[in-house]
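Structural overview
Spelled out from the first residue to the last, the chains are:
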Amino acid sequence: SLKKLRLSSALETMEVNPFIGCASLKAFEMPECQSQYVVKDGALYTDFGRFLKAYPQGCKKKKVELDEDVIQIANCAFYGAQVEVVVLPKNMVRAKSRCFQNCRNLKVVQASRNTRIAGDAFVGASQAYVYRYE
């Protein structure tokens, strides 16, 4: 039943998405600080905003466009998210293992031809396909 989670500015490390199963979680919150962790549009990033760590499962957005400075998506980052379309930036390097796992509503991931997407990125997201652009 957790809807928002306020994270401490002292957060130093986090394993693979520890919020898997928090289906009501709509957004992360975090005070602005000099931490390597950052919250943008309710999603949790690390590496000063360049690495998407966790997207909240309960967020109702249908389309997610990641900022140009994001270069990587973590294992299980979008686990169970309700998104239908995800747009990856041109400079995205890779989308890691099971990053879209159980995203049952996911239809399209728009990605550059140069973005590496793990072979098991779409486990449980059977209707999703990748649309590659230049």
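Let me begin by describing the structure that accompanies this report. (Residues numbered from 1 in each chain as written. Predicted model: local features only at pLDDT ≥ 70, side-chain atom pairs only at ≥ 80, totals over all residues. Heavy atoms only, no water.)

Overview of the sheet that holds strand S10 (residues 108-112)
Rule in force here: Pairing between strands is defined by DSSP: at least two bridges between them are needed. A helix here means a DSSP run of H or I that spans at least four residues, while a strand means a run of E at least two residues long, and both kinds are numbered starting from the N terminus. Between N-to-C directions, angles span 0 to 180 degrees; the directions come from axes that are lines fitted to C-alpha atoms, helices contributing only their stretch in contact.
Strand order in this open sheet of 4 strands is S6-S8-S10-S12, and the pairing throughout is parallel. Single-partner strands in this sheet number two, and they are strand S6 (63-65) and strand S12 (129-133). Between one strand and the next, the sheet's axes are offset by a mean angle of 15°, whatever the strand orientation. Where S10 lies against S12, 5 bridges are found, and the strand directions are parallel. In the strand pairing of S12, Gln110 is matched with Tyr131.

Observations regarding the nonpolar core
We count it as follows: We call a set of buried residues a nonpolar core when its members are Ala, Val, Leu, Ile, Met, Phe, Trp, Tyr or Cys and they connect through side-chain atoms within 4.5 Å of each other. Residue exposure (1.4 Å probe, protein chains only): buried if accessible area is under 20% of the type maximum, exposed if over 50%, otherwise partly exposed. Every residue pair with non-hydrogen atoms within 4.5 Å of one another is taken to be in contact.
Of all hydrophobic cores here, the largest spans 29 residues; its most connected members are Leu66, Ile73, Phe78 and Phe100. Mapped onto this core, the elements with two or more residues apiece are strand S4 (43-46), strand S5 (51-54) and S10. If sequence neighbours within four positions are ignored, Phe100 has contacts with Ile73, Phe78, Val86, Leu106, Val109, Ala121, Phe122, Val123 and Ala125.

Re the pairing of S10
Two faces, one strand: in a regular strand the side chains alternate between the faces of the sheet. Across the 5 residues that make up S10, a large majority, 4, are buried. Pairing of strand S8 (residues 85-87) with S10, which is carried by 3 bridges, proceeds in the parallel orientation. Looking at the pairing, Val86 lines up with Val109 of S10.

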